[in-house]
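Summary of structural features
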Amino acid sequence: MTKWVYFFGAGKAEGDGTWRDLLGGKGAGLAEMTKIGLPVPAGFTISTDTCDYFYKNGKKYPAELKKQMTENVAKLEKVTQKKLGDPKNPLLVSVRSGSARSMPGMMETILNLGLNDKSVVGLATATGNERFAWDAYRRFVQMYSTVVMGMSKEDLEHRLRSMKDKLHIKEDTAVPASGWKGLVAEYKAYFKEQAGQDFPEDPMEQLWGAVGAVFGSWMAEKAVTYRRVEKITGLLGTGVNVQQMVFGNTGDNSGTGVCFTRDPSSGEKIFYGDYLTNAQGEDVVAGIRTPVHLTQLAKIMPKAYAQLENVRVQLEKHYRDMQDMEFTVEDGKLYMLQTRTGKRTPAATFKIAMDMTNEKLITKEEAILRIKPEDIERLFYPVIDAKVDKKSLESRIIAHGINAVPGAAVGKICLSAADAEEWAKNGEKVILVRRETSPEDVAGMAVAQGILTATGGKTSHAAVVARGWGKCCIVGADGVDIDYKAKTVKVAKVGKTLKEGDWLTLDGSEGIVYSGEMPLVTPELPKAYHVIMKWADGIRKLRVRTNADTPQDARKAIEFGAEGIGLCRTEHMFFTDFEQPEKSHDRQLGIQEMILADNREARVKALDKLLPFQRRDFVGIFTAMDGLPVTIRLVDPPLHEFVPHEHAKQVELAKELGISVETVERRVAQLHESNPMLGHRGCRLCITYPEILEMQVRAIIEAAIECHKGRVKVLPEIMIPLTLDKKELGILTDATRRVADALIKKAGIKLPYLVGTMIELPRAALLAGEIAEVAEFFSFGTNDLTQTTMGLSRDDAGRFLPDYVDEKKAGVFAGDPFQTLDQKGVGMLIRWGIEQGRKTNPKLKVGICGEHGGDSDSVKFCHEIGMDYVSASPFRVPISRLAAAQVVVEDKRKAKEGKKK
Ligand code: PEP
Ligand code: MG
């Protein structure tokens, strides 16, 4: 017979703290605390696989559950020496949710279950407190009606308020027994009116109702959303904990509280928490009465406090992590109701992990495993000041979008990149708001505080560029309608129209857009961060490089611990001069002249103008990286991205270049492609226009020679994008070497360099064995490889991918494949590509430079399949460093476990 229900009480428990998957975090914690002798009220846990069964079988319970529940209720009655519904001394229980991963406040709780018209009298007699008994009863009826039956909270609260008004009472604690008695009668009448039946008097019927409500709350909207946001997947469901009630509201010798074994904000080793005299847990949560600091409890009830302090020490030693505990004091006696690993700020995460290592409570390896990628990410970015009132913040939400780059940003709405530049010059803070962005917008994006686009996904242009800069960015903002002509941003859903120039606040971590100007704060990097990252670097095998296009980014990345550049996208340099922004226009003209040219000669002339700019950029980058390897990719995007599409701008360009507007229009029309992502881009451009490659290689090698002469060590790696065939790559590597070798020879120096390719197409991955005959290195461009393998557009899939990830909708993928590598499909191609490539060329250097190089799970995969390095945008470098160390520790543990078995 399958066991669905697990008992705990009187010092014994069926299970322990390690049974989180089956009993849920709360159930496992209660079992563990019972076992180690802490004062825990008895009870039982209905397992999480019961919830799984419930949903897999059309919301029906397993056949054995009824019997097991009845047996466990009987056992509980025996241990507590009380009976459910007893008219003399009734047993009351709480019914609470609890899944394997903590989801605070997302699921349901019912307290004081077991009260009815008879047992309430029993409770009054047993406690000698009629007022308390009827208050407990009305709380139960209220919770049961709203939580189990889904009735309106407001309707019931309204009745409570009217009763108090009638009695001229403000505080709940001043309501007499008769007041609560009257309210129970009113609640019950309301219940009958709404449900068409009487309020259930039978405690077992009440219990089944409550169990159903807890299971039901597993799939409630807010719980599903929470799991998606927190990336919680693979759980069976929630457990249900039925536990004897203890009361913190029997008088001033009772109370309830929540405490943490260390300060969850700073991580300091101090006992931290709140206590509320004469109250039940829900009063603390509801925030109606203000609790006192835990230190007050030491004064009010020194004995209970001392006991709690003991529990604190015992639990932290036992769990070897900071605990978040709930307790109740009933008539001076302490009861523990919950212990779980406490949630904490990113700074506290680092501090606690470091301190616990130093205290020898955990090892360095464990400390490394305790840091989550979000902890690192959130350390670096400004956030909306926590002092801002939550309610007023909520009232300002105008849209939700995809949280492309975390952090917060505040500025005035600006709808064009050119205006953004202008405004920023005048000292204004702007948020660039666009339907989508293109390379033309880069300069405006660079000066903006944050970027908001109405379309796009996590690897859209805006997201990729902003991520490189660590700039707050929200893409695919739901329902945001931008009217460039009227200069408005309309959000019909919330009935708001904002104008250009209005203040906007973006929370890029959550993907929430607020109207107005919110105060931001930037947290300082804690010492513990540096300590733990150093530990991680000592463990990892994988090298971590960065994707950087400018000397500034390169320098930033070095600060974050980058060990080279894995991808320098040279086309960004065509548009913006990051060292001398006022010179950007010269570059733009150069590239546009080249694109509009009709013949090779004219193209070469235009390219010659670009050469010094590119060379200067490369000198800057090589100097910043000072001897670390630098992978520079030749031009990649389709050329139409570099020419203006608006008529007015075309006229302007024609004038500047001294050609006719018709020529510009004709050329732009010629460049139009219906499917540019699969069009004339990547290395196909250099097959058609070898002069582009010649100019770029010349700029790279001349810069390297210049640096070499100035005693800066350089390790250039020239990378050819989007290769699909060995012959194609052969033509281009030959051309590259011809230019490079001639320059090096002329300079009379020794300058090692590599020529390799990106693997971004399934064909290239499949034929990697052949391609490795001509490539010295592979860098997997997993943005394009995901796009082409899955047949999903990296720019547009954001519109429907949420449905693919939402477990309530299709739930096809556990996560966005443009963010976390699809290890099964795309990963299979990469694995094959590496295997075949190394078969041909055992020295083949292999890395990844798609966005996945900065995603923790994907980095771990890259380690497993034997890559040499990953490359991530500067702000993500620490995430990759940590993930690379974590996977080594995890592997070691797996190997140890394997040996044990
Ligand atoms: C890629 O495709 O993964 C890549 C790094 O190149 P890009 O994003 O510039 O297309
Ligand atoms: Mg690519």
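Summarised in this report is the structure supplied together with it. Throughout, a residue's number is its position along its own chain's written sequence, starting from 1. Key to labels: chains lettered from A, ligands numbered from 1, both in the order written. Where local features are concerned, this predicted model is filtered to residues with pLDDT of at least 70; where side-chain atom pairs are given and counted, the filter is 80 or more; whole-chain, interface and lining totals use all residues. Side-chain measures here rest on the full set of heavy atoms in the structure, leaving out hydrogens and waters.

This part covers the overall build of the protein chain. For the purposes of this entry, the term helix denotes a DSSP run of H or I that reaches at least four residues, the term strand denotes a run of E that reaches at least two, and both are numbered from the N terminus. Check the secondary structure of the protein chain and you find 36 helices and 34 strands. In summary, the protein chain has a C-alpha radius of gyration of 32 Å against a globular reference of 29 Å for 901 residues, a match within 12%. Projected onto the principal axes, the alpha-carbon positions of the protein chain cover approximately 100 × 65 × 50 Å. Only protein chains enter the accessibility calculation, which uses a 1.4 Å probe; a residue is then buried when its area is under 20% of its type maximum, exposed when over 50%, and partly exposed in between. When the 901 residues of the protein chain are sorted by exposure, 56% land in the buried category. The contact criterion used throughout is that any non-hydrogen atoms of two residues lie within 4.5 Å. Considering only contacts in the protein chain between residues 6 or more positions apart, those separated by 24 or more positions represent 69%. Carbon and sulfur atoms make up 52% of the accessible area of the protein chain, which amounts to about 38100 Å² in all. Where the 126 positive side-chain charges of the protein chain centre and where its 121 negative ones centre are 5 Å apart. Radius of gyration here is computed from C-alpha atoms only, and the compact-globule reference equals 2.2 Å multiplied by the residue count raised to the power 0.38. Each accessible area value is a Shrake-Rupley result obtained with a 1.4 Å probe; residue values ignore everything except the protein chains displayed when judging cover. Positive residues here are Lys and Arg, negative ones are Asp and Glu, while His and the chain termini are left out of the count. Just so you know, the charge point we use is NZ for Lys, CZ for Arg, CG for Asp and CD for Glu.

Before going further, it helps to examine the pattern of salt bridges. Every case where a carboxyl oxygen of Asp or Glu lies within 4 Å of a side-chain nitrogen of Lys or Arg is listed as a salt bridge. Applying the stated rule across the entire model yields 61 salt bridges. Here Lys845 and Glu717 are joined by a salt bridge, their closest N and O atoms 2.6 Å apart. Residue Lys845 is located in strand β33 (residues 845-848), and its partner Glu717 is located in strand β30 (residues 715-720); the two are separated by 128 residues in the primary sequence. For Lys845, a relative accessible area of 25% puts it in the partly exposed group. Using a relative accessible area of 3% as the deciding quantity, one classes Glu717 as buried. A salt bridge links Arg799 to Asp796; the shortest N-O distance between them is 3.9 Å.

We now examine the coordination of the magnesium ion (ligand 2). Only nitrogen, oxygen and sulfur atoms count as donors, using a 2.8 Å cut-off from the metal that widens to 3.2 Å for Na, K and Ca. Water is left out, so coordination shells may look unfilled. Taken together, the protein ligands of the magnesium ion (ligand 2) are Glu760 (OE) and Asp784 (OD), with distances of 2.0 Å. Of the two residues, Glu760 sits in the loop between β31 (754-759) and α30 (762-766) while Asp784 sits in helix α32 (residues 782-790), which places them 24 residues apart along the sequence.

On to the nonpolar core, then. Put simply, a nonpolar core is a bunch of buried Ala, Val, Leu, Ile, Met, Phe, Trp, Tyr and Cys residues held in one set by side-chain atoms that sit within 4.5 Å of each other. Among the nonpolar cores identified, the biggest contains 147 residues, and Phe618, Phe622, Ile701, Phe778, Phe780, Ile830 and Met867 are the most heavily contacted of them. Every residue in contact with Ile701, bar those within four places of it in the chain, is listed here: Ile718, Ala740, Leu743, Ile744, Leu751 and Tyr753. Counting 64 residues, the second largest nonpolar core, distinct from the first, contains Leu76, Met103, Leu111 and Met245.

Let us now look at the site of ligand 1. Residues are labelled near a given molecule or strand when at least one of their non-hydrogen atoms is within 4 Å of it. The immediate surroundings of ligand 1 are formed by 14 residues, with Arg569, Glu760, Gly781, Asn783 and Arg794 found nearest. One of the backbone nitrogen or oxygen atoms of Gly781 is found 3.3 Å away from an oxygen atom of ligand 1. In the environment of ligand 1, an oxygen atom lies 2.7 Å from a nitrogen or oxygen atom belonging to the side chain of Arg794. For the shell around ligand 1, the elements supplying multiple residues, two or more each, are β28 (565-569) and α32. Here the element with the most residues in the shell around ligand 1 is α32; it accounts for 3 residues. Residues are grouped as follows: Ala, Val, Leu, Ile, Met, Phe, Trp, Tyr, Cys and Pro are nonpolar; Asp, Glu, Lys and Arg are charged; every other residue, Gly included, is polar. Looking at the shell around ligand 1 residue by residue, the classes come out as 3 nonpolar, 4 polar and 7 charged. Any pair of N or O atoms that falls within 3.5 Å is considered a polar contact. Within protein, one atom must be able to donate a hydrogen and the other to accept it, and sequence-neighbouring residues count only if both atoms are side-chain atoms.

A few words on the sheet that holds strand β13 (residues 333-341). When DSSP finds two or more bridges between a pair of strands, those strands are recorded as paired. The sheet built from 5 strands is open, its strands ordered β11-β10-β9-β12-β13 with antiparallel pairing. Lying at the two open borders of the sheet, with one neighbouring strand each, are β11 (292-293) and β13. Two strands pair when backbone bridges link them, and strand β9 (residues 255-260) and strand β12 (residues 323-330) are joined in this way by 6 bridges, in the antiparallel orientation. Bridge pairing in β12 links Val258 to Glu326.

Helices are assigned an expected span. That span is 1.5 Å times one less than the residue count. Spanning 15 residues, helix α8 (residues 203-217) covers 21 Å between terminal C-alpha atoms, matching the ideal 21 Å at 1.5 Å per step. Along α8, the residues classified as buried are Pro203, Gln206, Leu207, Gly209, Ala210, Val211, Ala213, Val214, Phe215 and Ser217. Taking the backbone nitrogen of Met204 as reference, a side-chain oxygen 3.0 Å away marks Asp202 as the first, capping residue of α8.

It is worth spelling out the pairing of strand β19 (residues 450-453) at this point. Regular strands show a simple pattern: their side chains alternate between the two faces of the sheet. With burial as the criterion, each face of β19 is covered, one bearing Gly450 and Leu452 and the other bearing Ile451 and Thr453. Here strand β18 (residues 430-434) pairs with β19 via 4 bridges, running parallel. Bridging from a neighbouring strand, Leu432 pairs with Ile451 of β19. The pairing of β19 with strand β20 (residues 473-475) spans 2 bridges and is classified as parallel. If you follow Ile451 over to β20, its bridge partner there is Cys473.

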